[in-house]
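Structure at a glance
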Amino acid sequence: MSVDVKETKEYKRALKHHLKTRQQSSQTDVTPFRVEEKKYKSKFPPPDLSEVLDVWALDEDLRDKAVLGPTWNAGGNSTNVTVRSFELRNSDESLKRTRRGYCVDSHPGLVIIPSYLSPAEQRDLIRSGLENQARAPNETNLDTHYLIPREGIWNVYVANRHITESDSCPKIIPRAQVQLGSGFRASAVFEPPDPSTASKRALIENAPGEVALANPSTSPLPLPPPSSSLSPVTPHQLLPKLRWANIGRSYHWGSKAYDLSKELAPFPEDVKGFCTKVVKEVPWDDVWISEGSEDHRVPDEEWGMEGPAWNSWPETYEPDAGIVNFYQTKDTLMGHVDRSEVSSTTPLVSISLGNASIFLIGGVTRDTKPLPIILRSGDVVIMSGPRCRRAFHGVPRILEGTLPPHLSTTEDENGWDPFAEYMANTRVNINVRQVFPRGYDLSQLQNSTS
């Protein structure tokens, strides 16, 4: 006897919650960006992807592979936006297809390149992100609250993965339970706890990079205080809480500024190689000179005193900072603007790995309705130019169950099994930017304010 899903308690409970949420939203002053965030974040009803831009469906070599699994239908591209395609320079003949990029006239400077990375390259970057980037000297979100071994949470997890009994597995100790001055980040300065804001989630509106760096700090920026309510945990229990790792220049999340007092960590060569390569391969003439209609053209004065600089990016682009984000399927990234870099128009390169996601990009305020875009594993997004780099953007939804087969298989002699298990519910995003223009005299700036 079949059961009508709509008659189950679970369905009725979800429907009641959905109707209540809709009623509350209609009674409050919600920005268009926030409305779209809520729509795609919704678990019930699941979001309709028919109005999501899906460049895989536009690409004649990829549209047959645009299936997102049994749960999701690929975007219908009913977005009413003008999308232009271009061929990348130096296309890899081994791919046996023409690699194309896409730009959207309503968002000048936005470039989407589907399936830029091969399956092998995607695996290599995932492996490198977990093994090499989420460890000292790079900082992760876990370091504030736990005394993470220098080899990093992933390597500790893999080393103890065979231990099935929790009592037999080594424990990772909360930082608040150990003596100050111990382990990695031993010399870190922590902010005193503020009881009045302990349970609040504050949104920080930081000054643009050129303003914030007009008075650079020579002292380490304080970190949030470690939680005093945590208990020792196993690496297996802690790994799903890994959210980000800084690479290159140290980014201070509390103030949304770069901590210039810290020594510059070596930037990973594999990430730098991919990002500089893709910037060189984009025909920027096609992106900027052929900018759609007059309504979306960017006046020269918006670029700053030096004017448009896109024609020099293939030679001058030099990433020196980035963040490796580790999303679990329930995670989201609220709409925000990246404005901490002095190089405020140079390309910000974003690499997607693992499960697919919905990416929203709007305008310079939250009052602009954002464009939703599907991003799959291996896709690259470039945000460039004065408007796109200052546009609000976010990730309201990870599309669960969309891990591609080349990342989910465990039949691999190179020890891919633990990575396949972890990536089943994960999206990794490598987000890379150039903080300072090439040749920028940072020492002179610091000396002038010391």
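**Some thoughts on the overall build of the chain**
Of the regular secondary structure elements, the chain holds 14 helices and 14 strands. Counting only residues that meet the buried cut, the chain has 47% of its 450 residues in that class. A separation threshold of at least 6 residues defines the contact pool for the chain, and within that pool the share at least 24 residues apart is 81%.

**Details of the environment of proline 119**
Following the sequence through the fold, proline 119 ends up in helix α4 (residues 119–133). As for proline 119 and leucine 407, which are separated by 288 residues in sequence, their C-alpha atoms are 7.7 Å apart.

**Topic: the pattern of salt bridges**
It is possible for side chains bearing opposite charge to pair when their charged atoms get close. The final tally for this structure, using the stated rule, is 19 salt bridges. Across the pair glutamate 302 and arginine 387 runs a salt bridge whose closest N-O atoms are separated by 2.9 Å. Highlighted residues: glutamate 302 in the loop between α9 (284–288) and α10 (313–316) and arginine 387 in helix α11 (residues 385–388), separated in sequence by 85 residues. Look at glutamate 302 and you get partly exposed, because its relative accessible area is 33%. In this structure arginine 387 comes out as partly exposed when scored by relative accessible area, which is 28%. Residue glutamate 341 is joined to arginine 389 by a salt bridge in which the shortest nitrogen-to-oxygen separation is 2.9 Å. Separated by 48 residues along the polypeptide, glutamate 341 in the loop between β8 (333–336) and β9 (348–354) and arginine 389 in the loop between α11 and β13 (393–398) bring together distant segments of the chain. Here the salt bridges do not stand alone but share partners, grouping Asp59, Glu60, Asp61 and Arg100 into one network.

**With respect to the sheet that holds β9**
Pairing within the open sheet is antiparallel, and its 8 strands lie in the order β1-β2-β3-β12-β9-β14-β7-β4. Two strands close off the open sheet at either side, each with one partner strand: β1 (83–87) and β4 (244–248). Shown here is a sheet whose adjacent strand axes are inclined to one another by a mean of 20°, direction ignored. Here β9 pairs with strand β14 (residues 426–433) via 6 bridges, running antiparallel. The partner of leucine 353 across the bridge, within β14, is valine 428. Along the sheet face, α4 touches β4, β7 (321–328), β9 and β14 and points at about 100° away from the line of β9.

**Focus on unusual backbone geometry**
Across residues other than glycine, the phi torsion is negative in most instances, and most of the peptide bonds are trans. Residue alanine 136 is joined to proline 137 through a cis peptide bond whose omega torsion reads 10°. Here proline 137 lies in the loop between α4 and α5 (153–159). You will see that serine 115, though not glycine, has its phi angle at about 50°, which is positive. Secondary-structure assignment places serine 115 in the loop between β3 (110–113) and α4. By relative accessible area, which is 16% here, serine 115 ends up buried.

**Here's the deal with the packing of aromatic side chains**
Enumeration according to the criterion identifies 11 aromatic pairs in this entry. Relative to tyrosine 258, the ring of tyrosine 251 has its centre 5.2 Å away and its plane inclined at 70°; by these criteria the two rings are edge-to-face. By relative accessible area, which is 12% here, tyrosine 251 ends up buried. Note on tyrosine 258: relative accessible area 7%, which makes it buried. Here tryptophan 288 and tryptophan 303 contribute two aromatic rings whose centre-to-centre distance is 4.9 Å and whose plane-to-plane angle is 70°, an arrangement assigned as edge-to-face. In this pair, tryptophan 288 sits in helix α9 while tryptophan 303 sits in the loop between α9 and α10, placing the two residues 15 residues apart along the sequence. The structure contains a cluster of three or more aromatic residues connected by ring pairs, namely Trp154, Tyr157, Trp416, Phe419 and Tyr422.

**Observations concerning α4**
For α4, built from 15 residues, the straight-helix expectation of 21 Å at 1.5 Å per residue is met to within 8% by its first-to-last C-alpha distance of 20 Å. Among all positions of α4, only Gln122, Arg123, Leu125, Ile126, Ser128, Gly129, Leu130 and Gln133 are buried.

**Digging into the confidence of the model for the chain**
With 79% of its residues at a pLDDT of at least 70, the chain reaches an overall mean of 84. The low-confidence segment residues 195–204 (pLDDT under 50) makes 6 contacts with residues lying over four places distant or belonging to another chain.

**Notes on the side chain of serine 250**
With respect to the element layout, serine 250 can be found in the loop between β4 and β5 (251–252). Within the structure, serine 250 has its side chain in polar contact with the side chain of glutamate 139 (distance 2.9 Å). When sequence neighbours within four positions are dropped, the list of residues in contact with serine 250 reads Glu139, Ala257, Tyr258, Asp259 and Lys262.

**What to know about the nonpolar core**
In globular proteins that are soluble, nonpolar side chains generally tend to be buried together. Ranked by internal contacts, the top residues of the largest apolar core, which has 56 residues, are Trp284, Phe326 and Ile430. For this core, the element with the highest residue contribution is helix α8 (residues 269–281), accounting for 5 residues. Setting aside chain neighbours within four positions, we find isoleucine 430 in contact with Leu125, Val271, Ile323, Val324, Val349, Ser350, Ile351 and Leu353.

**Structural notes on the environment of asparagine 431**
Its place among the elements puts asparagine 431 in strand β14. It is 7.2 Å that separates the C-alpha atoms of asparagine 431 and leucine 348, two residues lying 83 residues apart in sequence. Once residues lying within four places of it in the same chain are set aside, the contact partners of asparagine 431 are Ala321, Gly322, Ile323, Asn325, Leu348, Val349 and Ser350. There is a polar contact of 2.5 Å between the side chain of asparagine 431 and the side chain of arginine 433.

**A closer look at the sheet that holds β8**
In space, the 4 strands of this open sheet follow the order β8-β13-β10-β11, with antiparallel pairing throughout. Each edge of the open sheet carries a strand with a single partner, namely β8 and β11 (371–375). With strand direction ignored, the average angle separating the axes of adjacent strands in the sheet is 25°. The sheet contact formed by β8 and β13 spans 2 bridges and is antiparallel. Bridging from a neighbouring strand, histidine 336 pairs with histidine 393 of β13. Relative to the sheet, helix α2 (residues 32–41) contacts β8, β10 (357–361), β11 and β13, its axis offset from that of β13 by approximately 20°.

Conventions we followed
- Residues numbered from 1 in each chain as written.
- Predicted model: local features only at pLDDT ≥ 70, side-chain atom pairs only at ≥ 80, totals over all residues.
- Heavy atoms only, no water.
- Helix = DSSP H or I, 4+ residues; strand = E, 2+ residues; numbered from the N terminus.
- Buried < 20%, exposed > 50% of the residue type's maximum accessible area, 1.4 Å probe, protein only.
- Contact = heavy atoms within 4.5 Å.
- Salt bridge = Lys/Arg side-chain N within 4 Å of Asp/Glu carboxyl O.
- Pairing = 2+ DSSP bridges.
- Axes fitted to C-alpha atoms, helices over the stretch in contact; angles between N-to-C directions.
- Phe/Tyr/Trp six-rings, centres within 6.5 Å; stacked < 30°, edge-to-face > 60°.
- Expected span 1.5 Å × (residues − 1).
- pLDDT = per-residue confidence, 0-100.
- Polar contact = N/O pair within 3.5 Å; in protein donor to acceptor, adjacent residues only side chain to side chain.
- Core = buried A, V, L, I, M, F, W, Y, C linked by side-chain atoms within 4.5 Å.

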